[in-house]
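Chain by chain, the residues run as shown.
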Amino acid sequence: MSPLPANKIEELKRQIQGEVLLPGEEAYESARQIWNATIDKRPGAIARCAGTPDVVQAVNFARDNGVLLAIRGGGHNIAGNALCDGGLVIDLSRMKAAKVDAKARRVTIEGGATLADLDAATQAHGLATPVGINSTTGLAGLTLGGGFGWLSRKYGMTIDNLESVEVVTAAGEAVKASAKEHPDLFWALRGGGGNFGVVTRFEYRLHPVGPEVLSGLIVYPMSEAKSVLKQYRDFMKQAPDELTVWTVLRLAPPLPFLPADAHGKGIAALAVFYAGDPKQGEKLIAPLRAFGKPVGEHIGMQPYTAWQQAFDPLLTAGARNYWKSHNFTNLPDALFDAVVASLGKLPSPQCEIFFGAIGGATTRQAPDAAAYGHRDALYVMNVHGRWDTAAEDARGIAWARDFFQASAPFASGGAYINFLTADEGDRVRSAYGANYDRLARVKRQYDPGNLFRVNQNIKPA
Ligand SMILES: Cc1cc2nc3c(=O)[nH]c(=O)nc-3n(C[C@H](O)[C@H](O)[C@H](O)COP(=O)(O)OP(=O)(O)OC[C@H]3O[C@@H](n4cnc5c(N)ncnc54)[C@H](O)[C@@H]3O)c2cc1C
């Protein structure tokens, strides 16, 4: 790869309206920080683009000068693919503008927006579309990998609600992709990650949601975890699409509704969200309170935007994170034994294992309807290793890998591309399964030189 020649950087600075941040500058140092503090990359330059024309210039610059290129959306990707060492980063964090057409139930939003930006714009009209559970996550990376959250059982994956995109291809052309225009590219972008270009604008379909929703937590002690998990699994088998319940197993953070003597002790928390009439929701969630003897509960009506941010304090940027993930089509009892054993060995108070229930509308698309093909996944499990210091890395990573191995015999074999770490490039092909070969053909058409390769990479056919 060519280094960045100084005269060329001056040329790029003249070409773009946004800023070009360089090593040694204060703004560069903060711009190279991303969510996962284990990532410490030093790009040659960071082009903080002001709009699509800037992105076109930056793509042309990288391609013509043979410079390694990374794309930064929200910078949340666990593998650190928002950045590269040396090379150029296209940083979209200034591009967040949103426009809602409430009558048509559509939003168009720029490629650097976070989930919070989307929710703020759409909830002003009582509308929303399914996205993830941590509001500081980038909308771009989340969408391009598939995207799921509290609304997914009712309205599908984020990509199932994507109407069109504007994307700057490796040739430096800004094109619109939709079911009608560049349909192959649109198919590939719905799950294929950042492999096919820089998405500068997304258009989503919206649904009436809230503005207040029934949601919150029911918390059980770890001693009841296995029984709670078994009842949870059986409960979810008959839950309507409107009701989503995830389980989070960890040490209790000092939540005000938990008694002080529960803080720091093991818990199995049920995170509950109902996207419908709250009276009906109250009836439906009643059995969740009778799974055992809860140590605390905090459930009620709250703004949808508040629930979307409820987990943000536990997921702040700057900690060291290592993840391992599996998809499941069912949750056998033996898996719960492995969960409980693993929780007995938690390496830090910030580590957790969660089971996110998807299913519902996410399963009602054909596996080849879009590049994301895991339409059989009813649960996405994530072993979330998280701690503060590099000295804890080895122990934390070993813990996450151990549970990943212990739970593998019960998993479906599928993997969510957005949860793969930097050392899991060998899972990319299996993550796409039967869709991989078509993805490789689309890659050959739109990015034959693999310009966009700082990602979970799909090689051109
Ligand atoms: C705390 C936390 C909670 C999460 N919760 C959920 C969840 O509930 N549901 C869920 O589905 N996922 C969730 N995720 C995973 C999330 O979807 C991925 O981390 C995703 O990659 C984040 O996107 P980003 O734009 O912030 O990331 P980045 O690190 O900026 O980018 C991720 C990848 O996408 C590419 N990319 C970014 N922007 C663009 C663009 N505009 N055009 C083309 N390529 C681009 C990058 O090059 C990179 O390869 C969570 C992640 C975190 C850290």
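Right above here is the structure, for reference.
Given the structure is predicted, the values throughout are model-derived calculations rather than measurements.

### Observations regarding empty space enclosed by the protein
Gaps left between atoms are located by rolling a probe of water-molecule size over the structure's atoms. Applying the stated criterion to the full structure yields one cavity of 30 Å³ or more. Within this model, the largest cavity holds a volume of roughly 40 Å³. Lining of the largest cavity is provided by Gly145, Gly191, Ala371, Tyr372, Gly373, His374, Ala415, Tyr416, Ile417, Ala431 and Tyr432. Its residues placed into classes, the lining of the largest cavity shows seven nonpolar, four polar and no charged.

### Thoughts on the environment of Val107
Looking at the element boundaries, Val107 is found in strand β6 (residues 106-110). Considered as a pair, Val107 and Glu203 are 96 residues apart in the sequence and their alpha carbons are 5.6 Å apart. Setting aside residues no more than four positions away along its own chain, Val107 makes contact with Ala98, Lys99, Val100, Leu118, Thr122, Phe202, Glu203, Tyr204 and Leu206.

### As for the side chain of Asp393
Relative to the assigned elements, Asp393 resides in helix α12 (residues 393-407). Residue classification places Asp393 among the buried positions, given a relative accessible area of 16%. Among the polar contacts made by the side chain of Asp393, one reaches the side chain of Arg320 at a distance of 2.7 Å. When residues no more than four places from it in sequence are discounted, the contact partners of Asp393 are Arg320 and Trp387.

### Some words on the pairing of strand β4 (residues 88-91)
Residues Leu88 and Ile90 point to one face of β4 and Val89 and Asp91 to the other, with burial holding for every one of them. With four bridges connecting them, strand β2 (residues 45-48) and β4 associate as parallel partners. Considered in β4, the bridge of Ala45 is made with Leu88. The pairing of strand β3 (residues 69-72) with β4 spans four bridges and is classified as parallel. The residue bridging Ile71 from the neighbouring strand is Ile90, located in β4.

### Focus on the pattern of salt bridges
Once their charged atoms are close, side chains differing in charge can pair, the charge on each being opposite to the other. Under the defined criterion, the tally for this structure stands at 30 salt bridges. For the salt bridge of Arg48 with Asp91, the shortest nitrogen-to-oxygen distance reads 3.3 Å. Of this pair, Arg48 sits in strand β2 while Asp91 sits in strand β4, placing them 43 residues apart in sequence. Each member of the pair, Arg48 as well as Asp91, carries the same accessibility label: buried. For Arg205, the salt bridge is made with Glu163, and the minimal N-O distance between the two is 2.3 Å. Of this pair, Arg205 sits in strand β10 (residues 198-205) while Glu163 sits in strand β8 (residues 162-168); the two residues are 42 residues apart in sequence, bridging distant segments of the chain. The class for Glu163 is partly exposed, based on a relative accessible area of 25%.

### Quick word on helix α11 (residues 333-343)
Within the sequence span of α11, burial applies to Leu335, Phe336, Ala338, Val339, Ser342 and Leu343. Take α11 and look down its axis: the buried residues cluster within an arc of 155 degrees, on one side only.

### Some points on the packing of helix α1 (residues 6-15) against helix α3 (residues 52-64)
Contact pair α1 / α3: the axes reach a minimum separation of 10 Å and the direction vectors enclose 160 degrees. In terms of their interaxial angle, α1 and α3 are classed as roughly antiparallel. Every pair of crossing elements has a handedness; the one defined by α1 and α3 is right-handed. When α1 is examined against α3, the residues Lys8, Ile9, Leu12 and Gln15 are found in contact with a partner set consisting of Asp54, Gln57, Ala58 and Phe61. Grouping the constituent residues of the contact of α1 with α3 by class yields four nonpolar, two polar and two charged.

### Looking at the sheet that holds strand β12 (residues 212-221)
With respect to topology, seven strands assemble into an open sheet ordered β15-β12-β14-β13-β17-β18-β16, the strand pairing being antiparallel. Edge positions in the sheet fall to β15 (296-303) and β16 (320-328), since each of these pairs with one other strand and no more. Mean inter-strand twist for the sheet, computed between neighbouring axes without regard to direction, equals 15 degrees. Pairing analysis gives nine bridges linking strand β13 (residues 243-251) to strand β14 (residues 266-274), with the strands arranged antiparallel. Looking across to β14, one finds that Val248 is bridged to Ala269.

### Description of unusual backbone geometry
Residue Pro211 is reached from Gly210 by a cis peptide bond, and omega for that bond is 10 degrees. Tracing the chain through its elements places Pro211 in the loop between β11 (207-208) and β12. For Arg105, which is not glycine, the phi torsion reads 55 degrees and is therefore positive. Relative to the elements of secondary structure, Arg105 occurs in the loop between β5 (98-101) and β6. Given the relative accessible area of 39%, Arg105 is considered partly exposed. One non-glycine residue with positive phi stands out, namely His182, at about 45 degrees. Structurally, His182 is set in the loop between β9 (174-178) and α7 (183-189).

Reading guide: rules and limits
Residues numbered from 1 in each chain as written. Predicted model: local features only at pLDDT ≥ 70, side-chain atom pairs only at ≥ 80, totals over all residues. Heavy atoms only, no water. 1 Å grid on protein atoms, 1.4 Å probe; cavity = no way out; pocket = protein on both sides within 12 Å on 5 of 7 lines; lining within 4 Å. Points joined across faces, edges and corners; volume = space filled by probe spheres on them. Nonpolar A, V, L, I, M, F, W, Y, C, P; charged D, E, K, R; others polar. Helix = DSSP H or I, 4+ residues; strand = E, 2+ residues; numbered from the N terminus. Contact = heavy atoms within 4.5 Å. Buried < 20%, exposed > 50% of the residue type's maximum accessible area, 1.4 Å probe, protein only. Polar contact = N/O pair within 3.5 Å; in protein donor to acceptor, adjacent residues only side chain to side chain. Pairing = 2+ DSSP bridges. Salt bridge = Lys/Arg side-chain N within 4 Å of Asp/Glu carboxyl O. Arc of directions from axis to C-beta. Axes fitted to C-alpha atoms, helices over the stretch in contact; angles between N-to-C directions. Parallel < 35°, antiparallel > 145°, perpendicular 65-115°, else oblique. Left-handed = near helix turned anticlockwise from the far one by under 90°.

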